[in-house]
Amino acid sequence: MLLETIKIAIRSLWSNKMRTLLSMLGIIIGVGAVIAVIAIASGTQEQVTSRIADLGSNLITINKGTTRGYFGRLSTTAEEVFTLELGEAIEEFCPSVTRVIPKSQASGYFIMGDNNIQASVIGTTVEYQNANKYYPEKGKFFSQYDLDNASNVIVLGSELVDELYGDVNPIGSKITFYYNKHTFIFNIIGVMEEKERGITGDFNSSAYIPITTYLNMISNSRYIGSFIAQAASADEAGQAVEQIEYMLTKHFGGDEEFSLMSQDELLDTITEVTGSMKLMLSGIAAISLLVGGIGIMNIMLVSVTERTREIGIRKALGAKRRNILSQFLIESLTLSSLGGIVGVIIGWLGAFGVAQIGGWPLIISVPTVVLAFSFSLLVGVFFGIYPAIKAAKLDPVIALSYE
Amino acid sequence: MLKIENLTKIYKNGEIEVKALKGISFEIKKGEMVAIMGPSGSGKSTLMHLLGCLDRPTSGKYYLKGNDVAGLGDDQLADIRNNYIGFVFQQFNLLSRTSILHNVEVPLIYAGVKKNKRRKIATEMLEKVGLGHRLKHYPNEISGGQKQRVAIARALVNNPALILADEPTGNLDTKTEEEIMRVFRDLNEQGHTIILVTHEDSVAEHAQRIIYLVDGEIRRDEVIA
């Protein structure tokens, strides 16, 4: 009986192909959009988080703190707080921290012949390479020997080389850096590989020198800008943050002189943001499912009116209310589930296409597909029930005489 | 077999009441072939709807094979129609989107007969009315006379107690009318009870008894032949 009713429904939908397609369109777009949106959002999230993981999810940035301004005092950034010795102390006393890398930065102008470009010089140590998974492409990074002797050497980011040298190999030549009304001249010993822009800044348009050289020549002091602390593993990053916080608070007698930022926290923030984006976008897509449902109701009402006589004939031949009700309900369910299936396919294709263009992985979760499809069935029942009841309640005498 | 007592039907249209049937009574025995005649507005269509259990009387009794059907609900009436009554309409009333075989199967679907048995019975019935070679055809591919034969086959599949034909030849030419009326007479000779609702003498003369309705009342009830 049920199978028979489904067959009748499919036969009547098949005999009106164009109308069937049009009335399914809303559901197709709705289901397709929900699936595509969630897949695309998941894909970009995966891409962003994996990029951050590439940066090292075990990295913790220790910056100088900013005090709040109050009673006419301006907000100030703490100066003269971090020293190389403090970095060594963190490395020694925090068990979850394996390495502490100092990082100072100054923005000025690199001058090469007639060209100049605004960029940063970063003073750091040899370990900077491993911590950031960032290595020279040509030549070499500065060595421990350069650090110990505060050598006058520099390694350039790939974009700096592109801008200032073009295709000429700069290694072995000298470059001028103009900062704070002083001119500094460095020997170029290497060019770094290209690295995607990370959250901590643009690697490619910076240049790298030993921290000792930086302190001697550029800042002319013993204080450095920030530290990058590396936890033993990503799992231990949380503990490492607590240990550093405890130690520095004791050291400074308060927590205003420093601030900590771990990649983990960053990841959490990004997951939260993309999560709410996903929710919002799929909510919008779900609205089109509702609109699709209204389309189905409309077409079912037309269909009931159009087939009033058929309903009368069926009733005369012994159809009960529930036979007519189920016939029309199954028809609207068939309509919405067909729409749902086509929508799943189109959403999948759309997500696949966008993922190909965007270069991120195609992530389609089974629960999403199941949810979107069941929602389309729900729409079919919800918007199909009224027309079906209307058909079932028709008076056979009136229905039979309907022209 | 069939008995009505003091049957009335009043239609209300706002304040206006129309008395379509003003209390009519008769009895029809098993194996009879009766014609119900009368001009337009005489109430013969209303009577046909009541006899066919498509509608309920305002008052009065209706016994069909001993069942009091006047006060039944919609679904019970649907069962009565399915089990006891076979309809043949002037407009044929076939389902246009399905084959004639499927058309004949429809009453059996609602009776809950299994597919294989259904197909067998419907095929037999169509062979009986001379359309065994047209099973897969659609209603728009066959002639009017053939359509009415399909409708008769459909009316017969549930082995009904009563065949109710409403102007069965109204849309057919004279020659085809003769053919269809012969089918009805054959069925009557095989023992089927048949009621013909018509305003044509040429149709009514095939019956053994004619009931004339005028203004919702029985004017004459006479046995011919």
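Bear in mind the structure is a predicted one, so any value in this text is a computation, not a measurement. (Residues numbered from 1 in each chain as written. Chains lettered and ligands numbered in written order. Predicted model: local features only at pLDDT ≥ 70, side-chain atom pairs only at ≥ 80, totals over all residues. Heavy atoms only, no water.)

A. Up close: the overall build of chain B. The secondary structure content of chain B amounts to 7 helices and 10 strands. The C-alpha radius of gyration computed for chain B amounts to 17 Å, which stays within 12% of the reference 17 Å derived for 225 residues, consistent with globular compactness. Projected onto its principal axes, the C-alpha positions of chain B cover 50 × 40 × 35 Å. Within chain B, the proportion of its 225 residues that are buried is 55%. At a minimum sequence separation of 6, the contacts of chain B that also span at least 24 residues come to 69%. Entry remark: accessible area of chain B is about 10100 Å², with carbon and sulfur atoms responsible for 44%. (Helix = DSSP H or I, 4+ residues; strand = E, 2+ residues; numbered from the N terminus. Rg over C-alpha atoms; globule rule 2.2 N^0.38 Å. Buried < 20%, exposed > 50% of the residue type's maximum accessible area, 1.4 Å probe, protein only. Contact = heavy atoms within 4.5 Å. Areas by Shrake-Rupley, 256 points an atom, 1.4 Å probe, with all protein chains shown as cover.)

B. View of the interface of chain A and chain B. Between chain A and chain B, the residue contacts involve 25 residues of the former and 25 residues of the latter. Taken over both partners, the interface formed by chain A and chain B buries close to 2400 Å², and the fraction arising from carbon and sulfur atoms is 55%. On the chain A side of the contact with chain B, Leu 317, Lys 320 and Val 397 of chain A bury the most area, a combined 26% of that side's loss. Counting across the chain A and chain B interface gives 3 salt bridges. Asp 74 of chain B serves as the salt-bridge partner of Arg 321 of chain A, at 2.9 Å between the closest nitrogen and oxygen. Summed over the shared surface of chain A and chain B, the result is 8 residue pairs in polar contact (both at pLDDT 80 or more). Listed by contribution, the elements that provide at least two residues to the side of chain A that touches chain B are helix H1 (2-14), helix H10 (308-316), helix H11 (321-358) and helix H13 (396-400) of chain A. (Buried area = accessible area lost by both parts, 1.4 Å probe. Salt bridge = Lys/Arg side-chain N within 4 Å of Asp/Glu carboxyl O. Polar contact = N/O pair within 3.5 Å; in protein donor to acceptor, adjacent residues only side chain to side chain.)

C. Main features of the domain arrangement of chain A. You can read the domains of chain A as domain 1 (2-51 + 269-400) and domain 2 (79-255). Each of domain 1 of chain A and domain 2 of chain A has a C-alpha centre, and these two points are 57 Å apart. (Domains from an automatic or database assignment.)

D. Representation of H11 of chain A. Its 38 residues place the ends of H11 of chain A 54 Å apart at the C-alpha level, agreeing with the 56 Å of an ideal helix rising 1.5 Å per residue. Positive phi appears at Gly 359 of chain A, one or two residues downstream of H11 of chain A, with a value of about 75°. (Expected span 1.5 Å × (residues − 1).)

E. Seen up close, helix H6 (residues 174-189) of chain B. All names here are of chain B. The end-to-end C-alpha distance of H6, which contains 16 residues, comes to 22 Å, matching closely the 22 Å that a straight helix rising 1.5 Å per residue would cover. A side-chain oxygen of the first residue of H6 lies 3.2 Å from the backbone nitrogen of Lys 175; this N-cap is Asp 173. Once H6 ends, the next one or two residues include Gly 191, with phi positive near 110°.

F. How the structure looks around the pairing of strand E8 (residues 193-197) of chain B. All names here are of chain B. Where burial is concerned, most of E8 is hidden: 5 out of the 5 residues are buried. In E8, alternate side chains face the same way, and those of Thr 193, Ile 195 and Val 197 on one face and Ile 194 and Leu 196 on the other are all buried. One ladder, built from 5 bridges, connects strand E7 (residues 162-166) with E8; its direction is parallel. Among the inter-strand pairings, Asp 166 is bridged to a residue of E8, identified as Val 197. Between the parallel elements E7 and E8, the chain passes through H6 in a crossover that is right-handed. (Pairing = 2+ DSSP bridges. Right-handed = clockwise from strand over helix to strand, strands pointing away.)

G. Seen up close, the packing of helix H3 (residues 100-111) of chain B against helix H4 (residues 115-128) of chain B. All names here are of chain B. Look at H3 against H4: their axes get within 9 Å of each other, and the N-to-C directions meet at 125°. Here H4 runs oblique to H3, going by the angle between their axes. The handedness of the crossing between H3 and H4 comes out as right-handed. Seen from H3, the contacting residues are Ile 100, Leu 101, Val 104, Glu 105, Leu 108 and Ile 109; seen from H4, they are Arg 118, Arg 119, Ile 121, Ala 122, Thr 123, Met 125 and Leu 126. Classifying every residue of the contact of H3 with H4 by side-chain character gives 9 nonpolar, 1 polar and 3 charged. (Axes fitted to C-alpha atoms, helices over the stretch in contact; angles between N-to-C directions. Parallel < 35°, antiparallel > 145°, perpendicular 65-115°, else oblique. Left-handed = near helix turned anticlockwise from the far one by under 90°. Nonpolar A, V, L, I, M, F, W, Y, C, P; charged D, E, K, R; others polar.)

H. Spatial organisation of the packing of H3 of chain B against helix H5 (residues 144-156) of chain B. All names here are of chain B. Between H3 and H5, whose axes approach to 7 Å, the crossing angle comes to 30°. Regarding the angle of H3 to H5, the classification is roughly parallel. Considering only the axes of H3 and H5, their crossing is right-handed. Residues Ile 100, Asn 103, Val 104 and Pro 107 of H3 pack against Val 150, Ala 153 and Arg 154 of H5. Taken together, the residues that form the contact of H3 with H5 break down as 5 nonpolar, 1 polar and 1 charged.

I. Here's a closer look at the pairing of strand E4 (residues 59-64) of chain B. All names here are of chain B. With 5 bridges connecting them, strand E1 (residues 2-13) and E4 associate as antiparallel partners. Residue pairing across strands places Glu 5 opposite Lys 61, the latter belonging to E4. The sheet contact formed by E4 and strand E5 (residues 67-68) spans 2 bridges and is antiparallel. Residue pairing across strands places Leu 64 opposite Asn 67, the latter belonging to E5.

J. Broad picture of the sheet that holds E1 of chain B. All names here are of chain B. Strand order in the open sheet made by the 4 strands is E2-E1-E4-E5, with antiparallel pairing throughout. What marks the edges here is a single partner per strand, and that holds for strand E2 (16-28) and E5. Relative to E2, E1 is paired through 10 bridges, and the arrangement is antiparallel. Considered in E2, the bridge of Leu 2 is made with Ile 28. Sitting on the sheet, helix H1 (residues 44-51) touches E1, E2 and E4, and the angle it makes with E1 is about 120°.

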